[in-house]
Each structure stands twice: as C-alpha cells, then as structure tokens.
Amino acid sequence: MNEIVSTITHYVKQKLENEGSGHDWHHIERVVRHAEVIAKAEGANDFVCIVAALVHDLADDKIAPSEAEGLKEVERLLEDVNREEREHIIEIISSISFKGGNRPPVTTLEAQVVQDADRLDAIGAIGIARTFVYAGAKGDLIHDPSITIRDNMTPETYRSGQSTAINHFYEKLLHLKELMNTTKGKELAQHRHEFMEHFLNQFHDEWAGRK
Ligand code: ADP
Ligand code: NI
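My aim in this report is to walk through the structure given alongside it, one point at a time.

So, how was this worked out
- Residues numbered from 1 in each chain as written.
- Chains lettered and ligands numbered in written order.
- Predicted model: local features only at pLDDT ≥ 70, side-chain atom pairs only at ≥ 80, totals over all residues.
- Heavy atoms only, no water.
- Salt bridge = Lys/Arg side-chain N within 4 Å of Asp/Glu carboxyl O.
- Helix = DSSP H or I, 4+ residues; strand = E, 2+ residues; numbered from the N terminus.
- Buried < 20%, exposed > 50% of the residue type's maximum accessible area, 1.4 Å probe, protein only.
- Phe/Tyr/Trp six-rings, centres within 6.5 Å; stacked < 30°, edge-to-face > 60°.
- Donors = N, O, S within 2.8 Å, 3.2 Å for Na, K, Ca; no water.
- Tetrahedral: all angles 85-135°; square planar, octahedral: opposite > 155°, others 65-115°.
- Near = heavy atom within 4 Å.
- Polar contact = N/O pair within 3.5 Å; in protein donor to acceptor, adjacent residues only side chain to side chain.
- Areas by Shrake-Rupley, 256 points an atom, 1.4 Å probe, with all protein chains shown as cover.
- Nonpolar A, V, L, I, M, F, W, Y, C, P; charged D, E, K, R; others polar.
- Domains from an automatic or database assignment.

## Details of the pattern of salt bridges
All chains considered together, the criterion is met by 8 salt bridges. Note that K15 is salt-bridged to E73, the shortest N-O span being 3.1 Å. Of this pair, K15 sits in helix α1 (residues 3-16) while E73 sits in helix α4 (residues 67-77), placing them 58 residues apart in sequence. For K15, a relative accessible area of 36% translates into the label partly exposed. When salt bridges with common partners are traced through the structure, they connect R30, D121 and R130 into a single cluster.

## Side note on the packing of aromatic side chains
Following the criterion strictly, the structure yields 5 aromatic pairs and no others. Taking the centre distance of 6.0 Å and the plane angle of 40° together, the rings of F169 and F199 count as tilted. On the criterion of sequence distance, the pair formed by F169 in helix α8 (residues 165-171) and F199 in helix α10 (residues 183-207) is long-range, its members being 30 residues apart. Ring pairs connect the aromatic residues F132, F169, F199, F203 and W207, which therefore count as one cluster.

## Comments concerning the coordination of the nickel ion (ligand 2)
Coordination sphere of the nickel ion (ligand 2), protein contribution only: H27 (NE2), H56 (NE2) and D118 (OD), at 2.1 to 2.3 Å. Classification of the site at the nickel ion (ligand 2) rests on its 4 donor atoms, whose angles at the metal span 90 to 163°, yielding the label irregular. As a motif over one chain, the donors of the nickel ion (ligand 2) read H-x28-H-x61-D. Residue H27 is found in helix α2 (residues 25-42), and its partner D118 is found in helix α6 (residues 109-120); the two are separated by 91 residues along the sequence. Overall, the relative accessible area of 1% leaves H27 in the buried class.

## Some details on the site of ligand 1
Around ligand 1 sit 14 residues in total, of which H23, K62, D118, Y134 and H168 are the nearest. For ligand 1, an oxygen atom lies 3.3 Å from a polar atom in the side chain of R130. H168 is positioned such that a nitrogen or oxygen atom in its side chain is 2.8 Å from an oxygen atom of ligand 1. With the chains in place, 90% of the 560 Å² that ligand 1 exposes on its own is no longer accessible. Partitioning the shell around ligand 1 into residue classes produces 2 nonpolar, 4 polar and 8 charged. When residues of the shell around ligand 1 are sorted by domain, at least three fall in each of domain 1 (1-104) and domain 2 (122-211).

## Brief notes about the side chain of H175
Its place among the elements puts H175 in the loop between α8 and α9 (176-179). Look at H175 and you get buried, because its relative accessible area is 10%. A distance of 2.9 Å separates a polar atom in the side chain of H175 from the backbone oxygen of Y170.

Written out as structure tokens, the structure reads:
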C-alpha cells in the first residue's frame, strides 16, 4: 500500500473504530473495497477513489462538529497529497456526503465511483443490518403499516419526520439501484436490490401471518 494511503487509513481507523453512528470503521473499509472494484472496472483514478472513500464520512455532521470543521480536518490529513488530487478529493466528499439542499452535483468519474461505493453499503444484507441498527438507535419502530409509503417517490420528495426501519426501504433504499452512476455499480447493486425485495416480501408475509 502507498505510504500516504496507509497513513490516512491508520488515522481514519483510529478515529472511527468506536463510532456507533453507522459510520464506523468497518463501513469505511467496505466502501474502500467497493471503490477499488468499481474504479478498476471503470478505469477511474484508483488513488483518488480510495482516499476519498477513506475520508468520505469525516465531514459528516454526525462525526464532525460541523461540515466546515470536518472539511478542514480532511484538508490537514491530505497535506501530502498533490494539490490537484487533494482538491479533487475534497470536491468528491463535499458533493457526496453533504446532506440538504445546496449540495453540488456529482460530476467526475471518481465522484461517481465513491458515491456508488457508499450506496452499495446501504443496500443488500449489510444495508438491511445497518437500517435496523440505525432505527434502533433512533428509537424507531421496526414497522408501522399505517405510515409505510409504497409509492415510487424520490427520496427527496418525502422526508417525513416519522419513520420506521421498514419505511426507510421505501423512502430510500429501494431507489438506490436506479441512482447508481456507473455500469459496475449498477451491476453490483442488482443482486443486493433483489435480496432486499426478497427480504421485504418475506417480512410482509410473516407480518400478515401468511408464512
Ligand atoms: P451514509 O452517510 O453512509 O450514506 P447515512 O448517514 O445516511 O449513511 O445512514 C447510515 C445508515 O443508516 C445507512 O445504512 C442508511 O440507510 C441508514 N439510515 C439512514 N436513515 C435512516 C432511517 N431514517 N431509518 C433507518 N435507517 C436509516
Ligand atoms: Ni458512508
């Protein structure tokens, strides 16, 4: 492993090792692995993709005191990366990890790769596990049939205050397959998506006492 990558890996690992917000070190490790695979398939700059995946959650307001402070920390961490790549990495994490209205669109291939890598970790068996951990930590119910939205709405359309773990699949996770940027990302999302659909069918059958 390149020395810069190994220094950054060490830093992020120490910082997120005991993080319980769903942005723990193992999430980062998986996103880095996905990013490597997708970058290779798409011919993207793998150094930029790997480093951006490593630091992608450091500016998240669940981890940093503020997004701006998180970004400053990332800039310090990347001081040995050449300027062009450093600016690119900062741009990637600004465009993929910021919540809310004024997020810049994902434009470069490397940004698309890292966004796909992060989204892959939100779907499939891992995605299911993360959803229930998140909902549990928030105190949400597993399911409430009266608030589950089954329409094909975009994630932005409905950010209702009230949610459940199962609702999160309908408001976000089932849409991610369509939002994948890259061919490889789409391909990897397909199986995970089908697994979630299978899980949800079984869940509703059990809920209704059918199986
Ligand atoms: P990331 O920044 O890594 O994309 P988020 O911070 O949005 O992820 O969420 C972390 C994990 O928790 C993801 O797996 C996501 O799907 C899940 N999650 C986010 N919001 C909710 C929610 N309201 N209910 C259940 N799970 C959620
Ligand atoms: Ni993430």
